[in-house]
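Here is what each chain is made of, one letter per residue.
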Amino acid sequence: MASSSPRSAVLPIAMTMFGVGLLAIIVIFALFAAGVQDLPAWVSLTTLLCPAGLIFGVIATVVRARRN
C-alpha cells in the first residue's frame, strides 16, 4: 500500500538524537558510579542531544499534524 503522505526525514533523525542523548546520560551515570570524575567535555555535550531530539520530534509531529 502506498502512503497518503510522504514520510518526513525529521522524525527518525529526532528519534536517533534522543536515543543517543539518552544513551550518553546512562553512560555518564555508569561512569560516575564506577568512580570516574573527570569526563571530557564532549561527553557532557552529547547529553544535550536528548532534549534537542525531543524538541525536534515534537515540532516535526505538530507540523505534520497541521499539514493533514
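You'll find the structure just up there.
Residues numbered from 1 in each chain as written. Predicted model: local features only at pLDDT ≥ 70, side-chain atom pairs only at ≥ 80, totals over all residues. Heavy atoms only, no water.

Considerations on the overall build of the protein
On a plain count of helices and strands, the protein comes out with three helices and zero strands. Here the protein has a C-alpha radius of gyration of 16 Å; the compact-globule value for 68 residues is 11 Å, and the former is much larger. Once the C-alpha set of the protein is aligned to its principal axes, its extents read approximately 50 × 20 × 15 Å. Taken across its 68 residues, the protein has 18% of its residues classed as buried. (Helix = DSSP H or I, 4+ residues; strand = E, 2+ residues; numbered from the N terminus. Rg over C-alpha atoms; globule rule 2.2 N^0.38 Å. Buried < 20%, exposed > 50% of the residue type's maximum accessible area, 1.4 Å probe, protein only.)

Some details on a nonpolar patch on the surface
Taken together, the side chains of Phe 18, Leu 22, Ile 26, Leu 54, Val 58 and Val 62 present a nonpolar region at the surface, about 510 Å² in accessible area. For the nonpolar patch, the elements supplying multiple residues, two or more each, are α1 (10-33) and α3 (49-67). Mapped onto the elements, Phe 18 comes out in helix α1. Relative accessible area serves as the criterion here: at 31%, Phe 18 is assigned to the partly exposed category. (Patch = residues over 30% accessible without salt bridge, like charges linked within 9 Å, V, L, I, M, F, W, Y side chains within 5 Å. Areas by Shrake-Rupley, 256 points an atom, 1.4 Å probe, with all protein chains shown as cover. Salt bridge = Lys/Arg side-chain N within 4 Å of Asp/Glu carboxyl O.)

Some points on the packing of α1 against α3
Two elements in contact, α1 and α3, have axes whose closest approach is 7 Å; the angle formed by their N-to-C orientations is 155°. Looking at the two axes, α1 sits roughly antiparallel to α3. Considering the relative orientation of α1 and α3, their crossing is left-handed. Contacts between α1 and α3 involve Val 10, Leu 11, Ala 14, Met 17, Phe 18, Val 20, Gly 21, Leu 22 and Ile 25 from the first element and Leu 49, Cys 50, Ala 52, Gly 53, Leu 54, Phe 56, Gly 57, Ala 60 and Thr 61 from the second. Here the residues of the contact of α1 with α3 sort into 14 nonpolar, four polar and no charged. (Axes fitted to C-alpha atoms, helices over the stretch in contact; angles between N-to-C directions. Parallel < 35°, antiparallel > 145°, perpendicular 65-115°, else oblique. Left-handed = near helix turned anticlockwise from the far one by under 90°. Contact = heavy atoms within 4.5 Å. Nonpolar A, V, L, I, M, F, W, Y, C, P; charged D, E, K, R; others polar.)

A few points about the environment of Met 17
By the secondary structure assignment, Met 17 is in helix α1. As for Met 17 and Asn 68, which are separated by 51 residues in sequence, their C-alpha atoms are 25 Å apart.

Digging into the environment of Leu 39
Considering the arrangement of structural elements, one finds Leu 39 in the loop between α1 and α2 (41-46). A residue is classified by how much of its surface remains accessible, and Leu 39, at 21% relative accessible area, is partly exposed. Each residue touching Leu 39, except ones within four places of it in the same chain, is listed here: Ile 28, Leu 31 and Phe 32.

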